[in-house]
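The primary structure of each chain is shown beneath.
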Amino acid sequence: MKKEISIMDEATMKRSITRITHEILERNGGTEDLILVGIRTRGIYLAERIANRIKDFEDVAVPVGELDITLYRDDQHFAEGEDPVLNATNLPFSVEGKHIVLVDDVLFTARTIRAAMDAVMDHGRANRITVAVLIDRGHRELPIKADYVGKNIPTAITEQISVKLQEYDGQEQVTLIKDSAE
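Just so it is clear, the model here is predicted, and its values are computed rather than measured. (Residues numbered from 1 in each chain as written. Predicted model: local features only at pLDDT ≥ 70, side-chain atom pairs only at ≥ 80, totals over all residues. Heavy atoms only, no water.)

1. Comments concerning the sheet that holds strand S6 (residues 148-152)
Then step 1. Spatially, S3-S2-S4-S5-S6 is the arrangement adopted by the five strands of the open sheet, whose pairing is parallel. Because the sheet does not close on itself, it has two edges, and the strands there are strand S3 (64-67) and S6. The mean angle between the axes of side-by-side strands here comes to 25°, regardless of whether they run parallel or antiparallel.
Then step 2. Pairing of strand S2 (residues 34-39) with S3, which is carried by four bridges, proceeds in the parallel orientation. From the neighbouring strand, Gly38 faces S3, where its bridge partner is Glu66.
Then step 3. Contacting S2, strand S4 (99-107), strand S5 (128-136) and S6, helix H1 (residues 10-28) runs over the sheet at an angle of about 150° to S6.
Then step 4. In the packing of helix H2 (residues 42-58) onto the sheet, the strands contacted are S2, S3, S4 and S5, and the crossing angle to S2 comes to about 150°. (Pairing = 2+ DSSP bridges. Helix = DSSP H or I, 4+ residues; strand = E, 2+ residues; numbered from the N terminus. Axes fitted to C-alpha atoms, helices over the stretch in contact; angles between N-to-C directions. Contact = heavy atoms within 4.5 Å.)

Structure, rendered in C-alpha cells:
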C-alpha cells in the first residue's frame, strides 16, 4: 500500500517559482539574451509561470520554448516495430548566443536534463545552459545539477515524487509517495 505525504501546496509552489525567478534574473543580470525552455510536460507550464513572473517584475516578455526529448533519451528503449510517442518541440527562436534555462518539475537521475541539453544543442550553440527545477530529489546517475531549485527533497530510491499542476492535472500539489511499510 502506498502512502502520500504532502510536500508543497499551492502557496509554497508559488513562493518557490517567485524565488527561482528572482535567482534567474539576478544571475543573468536581467532579461537580456534569456530564453526559458520547458521540458515536456510539466516543465512547460513551470517555464510559462517563470516567464509570467519575469513579466510582472521586469515588464519584459521572455521567450518560452517547449522541448520533447523522447528521441534523445538513453534510458528508454522501444521494442522492435514500436514507435515512440512524439510531441512537438517548439523553439520558435534562435538559441545562438543565448542563455537557455531548461525548466523541469523533478530532477532525479539527470538523464532528462542530459537529453534536453542534447536537443537544445541540435538547434544551435547557446552561450550558456542552466537548469531550473521545482524539486531536486537526488540520486544522480550523471554529473548534472540544478542551478535553481524550488525545494530539495532527499528521497529513498524506492520513493516517488508526484508534481501536479493546475494547467495539466487540475490541482496544485507536490507529494512524496512511499510504501506504507517504510
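Once the structure has been displayed, the description carries forward.
2. Section: H1
Then step 1. Counted at 1.5 Å a residue, the expected span for H1 with its 19 residues is 27 Å, and the 27 Å between its end C-alpha atoms agrees.
Then step 2. Within H1 the residues assigned to the buried category are Met13, Ser16, Ile17, Thr18, Ile20, Thr21, Ile24, Leu25 and Asn28.
Then step 3. Between the side-chain oxygen of the N-cap and the backbone nitrogen of Ala11 there are 3.3 Å, and the N-cap of H1 in question is Asp9.
Then step 4. Gly29 occupies a position one or two residues after H1 and carries a positive phi of about 70°. (Expected span 1.5 Å × (residues − 1). Buried < 20%, exposed > 50% of the residue type's maximum accessible area, 1.4 Å probe, protein only. Polar contact = N/O pair within 3.5 Å; in protein donor to acceptor, adjacent residues only side chain to side chain.)

3. Examining the UniProt feature "short sequence motif: PRPP-binding" (unreviewed entry) in the protein chain
Then step 1. The feature "short sequence motif: PRPP-binding" (unreviewed entry), as annotated in UniProt, sits at residues 100-112 in this numbering.
Then step 2. Secondary structure across residues 100-112 comprises 15% helix and 62% strand; the distance between its end C-alpha atoms is 16 Å. (UniProt positions renumbered as here; feature names shortened; annotations may be inferred.)

4. Some words on the side chain of Thr21
Then step 1. Summarising the element assignment, Thr21 is placed in helix H1.
Then step 2. Judged by its relative accessible area of 0%, Thr21 is buried.
Then step 3. Not counting residues within four places of it along the chain, the set of residues in contact with Thr21 comprises Ile50, Arg53, Ile54 and Phe57.

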